[in-house]
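Fold and geometry: a report
In case you want the letters, here they are:
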Amino acid sequence: MKDLPYLRLVIAHVLLGILIYALPALSVAFGLLIFLVGLVWVFRNSNANEEALLVCAYLVGSEVFLRMTKGTVNHEFTKYSIMILLALGMYFKGFSKNAVAYGLFFILLLPGIVLGMIEVSEEERFRQIMMFNLSGPLSLIIASIYCYSRKISFAKLQEVLLWAGLPIVSCATYLVLYTPDLKEVLINTGSNFATSGGFGPNQVATILGFGMFVFFSRLLLASPTKLQLLVNSLLVVFLTYRGLLTFSRGGVITGFFMIALLVGVVYLQGNSNARFKMTFLLGGFAGALFLVWLYTSLVTSGLIDKRYANQDAQGREKQSLLSGREGISITEIELFLENPFFGGGVGSGTVYRKAKFDLVMASHNEITRMLGEHGLLGILGLLILLFTPLLLYLDNKYHYFILCFMAFWFLTLNHAAMRTAAPSFIYALSLLKVGMHEKTFVFRKRVIPTRH
């Protein structure tokens, strides 16, 4: 049966979530195994079938799960792993010489790096502040160079998304087991650590929102049987419910926005028969999500309704729409106004807030961080990141996910910065050159020769 391999994958990842909840020490071994086994797999196959991309996708989907279960040897483990794996992948299969935009983006970061090194003199603070802020941009640069105009089939791209989505199922399963009685922990409308595995609700909601999109895309475009249609529908509903329970809005809203974009793209490009079938499917899906919301409202005693209405538990409107993050962004804008051309330097935002408020607060917004710490050069860098995928989109009609990936990247930067590897990696996927079949591609010229 064609359903069995898919069902086994989903069930295996449900069991993985249960196993790591029962034996938390296995989380470290799981994280290391992903990287080490993936490294060997890429090396042995010379990255012939985009093994590097698949392993990196799995790491991205696993990152939050590993962090919440203390399964990473280093906080930036996933970002470093991705850089190593994709560099190895490029060693075997090369990269496009036209990816110069991302070399320019790196050059634009250099003045801010130099300024940061001058301002942040203590070795420990240098490690904490500089590397925390640079690991995201550096992983984005490596991933973007790897993916730029790299030719893969649409089926392979869907496979990449599936590899990212499966460990998110494990994460959501773990959350079910971790979360105590909801009545005991839901006492206000703030983001809830107890329903987020004891980890940052913002990051948990972000990866769950991406998981919603992954399995909705399979529901819409990769469910060849009724059983797979049912499984994917249940997974979307399950991940949506767990995302809502984090009480962190950004990731869930981003997931829904990605879904809306995908529906719009597929609807516009489909024929009348496909549109009719999709309308029927979406009607059922919308009804299921409505029931999920009603159920969530019931089990949270209406607190979820107040959360999304920006109210406190008593129904009073909150003064801050963004849970206080706008205050951090304001300090970064002030920093930009004081240093408009080069910015204050990498890590200067944290130092600035420490001096002004005597509090160590990392940025939640990569846009204003780039503005404050890199100045006008940061704005130029962001424009490069924004327009490069859009220019590629003009001749990339089978890449149905470009706008979805860019939306995830941009919206996540605005509420969760680049704390995880997800926005960097998902952004890079928007640069892939996608065709409907492998045979439509011709052999691409390599910049780095293959080993003999």
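Residues numbered from 1 in each chain as written. Predicted model: local features only at pLDDT ≥ 70, side-chain atom pairs only at ≥ 80, totals over all residues. Heavy atoms only, no water.

1. Observations regarding the overall build of the protein
Keep this limit in mind: Think of it this way: any DSSP run of H or I at least four residues long counts as a helix, any run of E at least two long counts as a strand, and we number them from the N terminus. Computation of the radius of gyration draws on C-alpha atoms alone. For the globule rule, the value is 2.2 Å times the number of residues to the power 0.38. Buried residues are those whose accessible area, probed at 1.4 Å on protein chains only, stays under 20% of the maximum for their type, while exposed residues exceed 50% and partly exposed ones sit between those limits. By definition, residues are in contact when any of their heavy atoms lie within 4.5 Å. Note that accessible areas follow from Shrake-Rupley with a 1.4 Å probe, and for residues the cover is restricted to the protein chains shown. Counted as positive: Lys and Arg. Counted as negative: Asp and Glu, with His and the chain ends omitted from the count. To locate a charge, the coordinates of NZ of Lys, CZ of Arg, CG of Asp or CD of Glu are taken.
When its secondary structure is counted, the protein shows 18 helices and two strands. In terms of overall size, the protein behaves like a compact globule, its C-alpha atoms giving a radius of gyration of 22 Å where 452 residues would be expected to give roughly 22 Å. Taking the principal axes of its C-alpha atoms as reference, the protein extends roughly 65 × 60 × 45 Å. Burial analysis of the protein (452 residues in total) assigns 54% to the buried set. Here the contacts in the protein between residues at least 6 apart in sequence split such that 81% fall between residues at least 24 apart. In the form shown here, the protein has an accessible surface area of approximately 19,900 Å², with 69% of it arising from carbon and sulfur atoms. A gap of 12 Å separates the mean positions of the 37 positive and 24 negative side-chain charges of the protein.

2. Description of the pattern of salt bridges
Where we set the bar: One side-chain nitrogen of Lys or Arg within 4 Å of one carboxyl oxygen of Asp or Glu is enough to make a salt bridge.
Within this structure, the stated rule accounts for nine salt bridges. Taking the shortest distance from any N to any O, the salt bridge between Lys93 and Glu50 comes out at 3.4 Å. Taken as a pair, Lys93 in helix α4 (residues 77-93) and Glu50 in the loop between α2 (26-44) and α3 (51-68) lie far apart in primary sequence, 43 residues in all. For Lys93, a relative accessible area of 19% gives the class buried. Linking Arg369 and Glu373 is a salt bridge whose minimum nitrogen-to-oxygen distance equals 2.6 Å. Taken together, the residues Arg369 and Glu373, both in helix α16 (residues 366-393) and four residues apart, mark about one turn of the helix. Considered together, Arg369 and Glu373 belong to a single accessibility category, that of buried residues. Taken together, the shared-partner salt bridges in this structure form one network comprising Glu50, Lys93 and Arg150.

3. Section: the nonpolar core
Applicable threshold: Each nonpolar core is a collection of buried residues, namely Ala, Val, Leu, Ile, Met, Phe, Trp, Tyr and Cys, held together in the definition by side-chain atoms within 4.5 Å.
The biggest cluster of nonpolar side chains holds 109 residues, and the ones touching the most others in it are Phe210 and Phe213. With residues up to four places along the chain from it excluded, the contact list for Phe210 reads Leu161, Ala164, Ile168, Met258, Phe408 and Ile426. Core analysis: the next-biggest nonpolar cluster, separate from the first, contains eleven residues, Tyr241, Phe247, Val252 and Val292 among them.

4. Topic: the packing of aromatic side chains
What counts, and what does not: The criterion for an aromatic pair is that two Phe, Tyr or Trp rings (for Trp, the six-membered ring) have centres within 6.5 Å, with stacked assigned to planes under 30 degrees apart, edge-to-face to planes over 60 apart and tilted to the rest.
Scanning all chains against the criterion turns up 24 aromatic pairs. On the numbers, 5.8 Å between centres and 70° between planes, the contact of Tyr21 with Tyr174 is edge-to-face. Taken as a pair, Tyr21 in helix α1 (residues 3-22) and Tyr174 in helix α7 (residues 154-178) lie far apart in primary sequence, 153 residues in all. Note on Tyr21: relative accessible area 37%, which makes it partly exposed.

5. Focus: the packing of α16 against helix α17 (residues 402-415)
Our working definition: Throughout, an axis means a line fitted to C-alpha atoms (over the contacting stretch in the case of helices), and angles, computed between N-to-C directions, take values from 0 to 180 degrees. Small angles under 35 degrees read as roughly parallel and large ones over 145 as roughly antiparallel, with 65 to 115 read as roughly perpendicular and the rest as oblique. Residues are sorted three ways: Asp, Glu, Lys and Arg are charged, Ala, Val, Leu, Ile, Met, Phe, Trp, Tyr, Cys and Pro are nonpolar, and all the rest, Gly among them, are polar.
Where α16 meets α17, the closest approach of the two axes is 11 Å, and the angle between their N-to-C directions is 175°. Between α16 and α17, the interaxial angle falls into the category roughly antiparallel. Side by side, α16 and α17 meet where Glu366, Ile367, Leu385, Leu386, Pro389, Leu390 and Tyr393 of the first sit next to Ile402, Leu403, Met406, Trp409, Phe410, Leu413 and Asn414 of the second. Residues belonging to the contact of α16 with α17 are distributed by class as follows: twelve nonpolar, one polar and one charged.

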